[in-house]
Amino acid sequence: MVYFDNGATGQKPQVVIERINTYYQKENANIHRGVHHLSQLSTENYEAARSIIQNFIGANHSEEVIFTSGTTEGINLVAQCYGELLQAGDEVLITEMEHHSNIVPWQMLAERKQLTLKYIPINEKGELRLELLDELLTTKTKLFAFTHISNSLGTINPIKELIEKAHAIGCKVLLDAAQSLQHCQVNVTELDVDFLVFSGHKVFGPTGTGILYGKKELLNAMPPYRGGGDMIKTVKMSGTTYNELPHKMEAGTPNIAGGIALGQALEWLSQFDFQEIEAYEHELLEYATKEIKTIEGVKIFGESSNKSSILSFLIDGLHPYDIGTLLNQQGVAVRTGHHCTQPIMDFFDIPGTIRASFSFYNTKEEIDYFINALKKAVSMLA
Amino acid sequence: MSIAEKEQQLIDDFAIYDDWMEKYEYIIELGKDLPLLDENEKSDERIIKGCQSTVWMKAAIDDGKVVYKADADAIIAKGIIAMLIQVLSGEEPQAILDAELKFIKEIGLQEHLSPTRSNGLVAMLKQMKLDALALNMKK
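Thresholds, definitions, all that
Residues numbered from 1 in each chain as written. Chains lettered and ligands numbered in written order. Predicted model: local features only at pLDDT ≥ 70, side-chain atom pairs only at ≥ 80, totals over all residues. Helix = DSSP H or I, 4+ residues; strand = E, 2+ residues; numbered from the N terminus. Rg over C-alpha atoms; globule rule 2.2 N^0.38 Å. Buried ≥ 20, exposed ≤ 12 C-beta atoms within 10 Å, placed from the backbone. Contact = placed C-beta atoms within 7 Å. Axes fitted to C-alpha atoms, helices over the stretch in contact; angles between N-to-C directions. Parallel < 35°, antiparallel > 145°, perpendicular 65-115°, else oblique. Left-handed = near helix turned anticlockwise from the far one by under 90°. Nonpolar A, V, L, I, M, F, W, Y, C, P; charged D, E, K, R; others polar. Arc of directions from axis to C-beta. Pairing = 2+ DSSP bridges. pLDDT = per-residue confidence, 0-100. Domains from an automatic or database assignment.

Engineer: Before we go on, may I ask you to explain the overall build of chain A in this structure?
Structural biologist: A count of helical and extended segments in chain A gives 13 helices and 15 strands. Relative to the compact-globule value of 21 Å for 382 residues, chain A shows a C-alpha radius of gyration of 22 Å, a close match. Along the three orthogonal principal directions, the C-alpha set of chain A runs to about 70 × 55 × 35 Å. A burial count over chain A gives 49% of its 382 residues as buried. Considering only contacts within chain A whose residues lie at least 6 apart along the sequence, 70% involve residues at least 24 apart.

Engineer: How should I be thinking about the overall build of chain B in this particular structure?
Structural biologist: A tally of helices and strands in chain B yields 7 helices and 2 strands. Each helix and strand of chain B, placed in order from N terminus to C terminus, yields the pattern α-α-β-β-α-α-α-α-α. For 139 residues, the compact-globule estimate of 2.2 N^0.38 gives 14 Å, and chain B sits close to it at 14 Å. Seen through its principal axes, chain B has C-alpha atoms that stretch 45 × 30 × 25 Å. Of all 139 residues assigned to chain B, the portion counted as buried reaches 36%. Look at the contacts in chain B between residues 6 or more apart in sequence, and 67% of them connect residues 24 or more apart.

Engineer: Hey, could you run me through the packing of helix α2 (residues 37-57) of chain A against helix α9 (residues 256-270) of chain A in this one?
Structural biologist: Two quantities define a packed helix pair, namely the angle between the axes and the distance from one axis to the other. Residues and elements named next belong to chain A. The interhelical angle for the contact between α2 and α9, taken along N-to-C directions, is 40°, at an axis separation of 8 Å. Considering their axes alone, α2 and α9 lie oblique with respect to each other. α2 and α9 meet at a crossing whose hand is left-handed. Along the contact surface, α2 presents S42, N45, Y46, A48, A49, I52, I53 and F56, while α9 presents I256, G259, I260, L262, G263, L266, E267 and S270.

Engineer: Could you clarify how one ought to interpret the environment of K102 of chain B in this entry?
Structural biologist: Looking at the element boundaries, K102 of chain B is found in the loop between α4 (93-98) and α5 (103-107). Remark: the alpha-carbon pair of K102 of chain B and Q8 of chain B, spanning 94 residues in sequence, is separated by 9.0 Å.

Engineer: I'm lost on the interface of chain A and chain B in this one. Help?
Structural biologist: Quite often, the size of an interface is put as the accessible area lost when its parts meet. Listed per partner, the contact involves 10 residues of chain A and 13 residues of chain B. Elements with a minimum of two residues in the side of chain A that touches chain B: α11 (320-329) and α13 (364-381) of chain A. Take the side of chain A that touches chain B: its biggest share by element is 6 residues, from α11 of chain A. For the side of chain A that touches chain B, the class distribution of residues is 4 nonpolar, 5 polar and 1 charged.

Engineer: So what exactly am I meant to see when it comes to helix α4 (residues 104-113) of chain A here?
Structural biologist: Side chains that are three or four residues apart share a direction in an α-helix, a result of its 3.6 residues per turn. All names here are of chain A. Residues P105, W106 and L109 constitute the buried set of α4. One face of α4 carries all of its buried residues, which in axial projection span an arc of 95°. Looking at the buried positions of α4, the neighbouring elements they touch are α3 (71-81), β3 (91-95), β4 (116-120) and β5 (141-147). At the exit of α4 stands Q114, carrying a positive phi of roughly 55°.

Engineer: Looking at this structure, I do not really get the sheet that holds strand β14 (residues 335-337) of chain A. What am I missing?
Structural biologist: Consider a sheet: its strands pair through backbone hydrogen bonds, and that pairing is either parallel or antiparallel. Residues and elements named next belong to chain A. Strand order in the open sheet formed by 4 strands is β11-β12-β15-β14, and the pairing between neighbours is antiparallel. Each edge of the open sheet carries a strand with a single partner, namely β11 (298-301) and β14. Along the sheet, successive strands turn relative to each other by an average axial angle of 30°, direction set aside. Sheet topology note: the strand β12 (residues 310-315)/strand β15 (residues 353-357) ladder contains 4 bridges and is antiparallel. By the bridge assignment, L311 is partnered in β15 with A356. Packed onto the sheet, helix α10 (residues 274-292) meets β11, β12 and β15 and runs at close to 10° relative to β12.

Engineer: How should I be thinking about the confidence of the model for chain B in this particular structure?
Structural biologist: The predicted coordinates of low-pLDDT regions are not to be read in fine detail. For chain B, mean pLDDT is 89; residues scoring 70 or higher make up 92% of the total. Scored as a whole, the predicted complex attains pTM 0.93, and scored at its interfaces, ipTM 0.87.

Engineer: Before we go on, may I ask you to explain the domain arrangement of chain A in this structure?
Structural biologist: Residues and elements named next belong to chain A. What the domain assignment lists for chain A is domain 1 (14-270) and domain 2 (274-381). The centre of domain 1, based on its C-alpha atoms, is set 29 Å off from the matching centre of domain 2. The interface is formed by 21 residues belonging to domain 1 together with 23 residues belonging to domain 2. Residue composition of the side of domain 1 that touches domain 2, grouped by class: 6 nonpolar, 12 polar and 3 charged.

Engineer: Is there a simple way to think about the sheet that holds strand β6 (residues 172-176) of chain A in this case?
Structural biologist: All names here are of chain A. Overall, mixed pairing links the 7 strands, which are arranged β2-β8-β7-β6-β5-β3-β4 in an open sheet. The open sheet has two edge strands with one neighbour each: β2 (65-68) and β4. Each strand of the sheet is rotated relative to its neighbour by a mean of 20°, with strand direction disregarded. As defined by bridge partners, β2 adjoins strand β8 (residues 210-214) across 4 bridges and the pair is classed as antiparallel. Considered in β8, the bridge of V65 is made with Y213.

Right, here's the structure in full:
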């Protein structure tokens, strides 16, 4: 089959699958507690994974790396805990191209704390309308949360410039890197970003894993996320004192095998040169874009000059689900629907798109197969 | 023809085709025979929830028999609802409520439609039975 749904999740390399097996076969024990050998071994491996992840994103301290269940949980954690430090009347800025997981937690927070939620609109090319930034980003804005790469459109946002602009007026930044870490190098220290979130499963690790990076001073200032085991220093019936970072934010037994395997996935990914990955994926995108334009009635959504390997499109008069169903029947996996970005669909006034998203293990031959399958689907539906 | 006989006819019709692309072509063809709703009948309360595409359906009673009309924005969804209507429309409410509809499984529709689409199929069928139930009680 041809797998072009990499925007949703990546396929797993053998070393990651084997790492999960090895953990459960030979190392399974709860971490941070036991004095016995197995517990120490799994604790060491879990913390070693944290260090691998720290190095991968260029964080200064390992305790700035918080294990989560994914991007969604990372954003919710920041919305809940950093949000606790915000006051009524403060503003949070997002964009119109965010995934629902970077919209809804802020709407919930805005309601809870009487904040104002604003967003940067997009243009016809699927880019942020940055000419409106100075109007929207003001001294009232306490947090600017935006995506590095749009999961629906492929647009790569100018993150360095946006972070600098926010910092210039004392606004903190959360970067949603769910669609970027598998495609390009992201260094939190160079970017000076305050929070960064991503999902393990999109960077070839297991599902149910993810990372929140946060600057130490911010994470320390924030209240804990959830109460429970591991996040405490002492518990008395009269009250509790909290543990140090990162444990303060990691209540309960974590996804130990998942965290260790995520470390393995990023170690595996580190052997490749990101410049080569970017160049190759760009070539795939250019090739697919050129080929798909030979089909009559194709409209591409997301036409930024700075784009990741995501090709979102519709064919005039045809429903995306019909196309997706007939592509599936021919062994091609693509995504159809609103891709959890309904505001983008509303902007373009469409019910959804068909999205082909490429990874560096995909080939031009697969794109040829996909284009032929697409032509066949169109001929059946027309 | 009884519901069971109409089902058998559909099963036989599909048996002619070897591969699923041909079966889909047939589903698309069936969609073209769907008894369509008028544009002004496609109101929000007639949308069937749970389908990936938008499906509208209306049931009315005519001489003790339930008559269904529908429309959908996706062609394959049209074909699926057309099959359900072909089997159930023109039957008495109680017969619709009792229908087991083995043709869905026998044709292999459930396995060949994505889970969400299959949910759509389930949602369509559920709505048709609910409508039949409502019309039966009004009788």
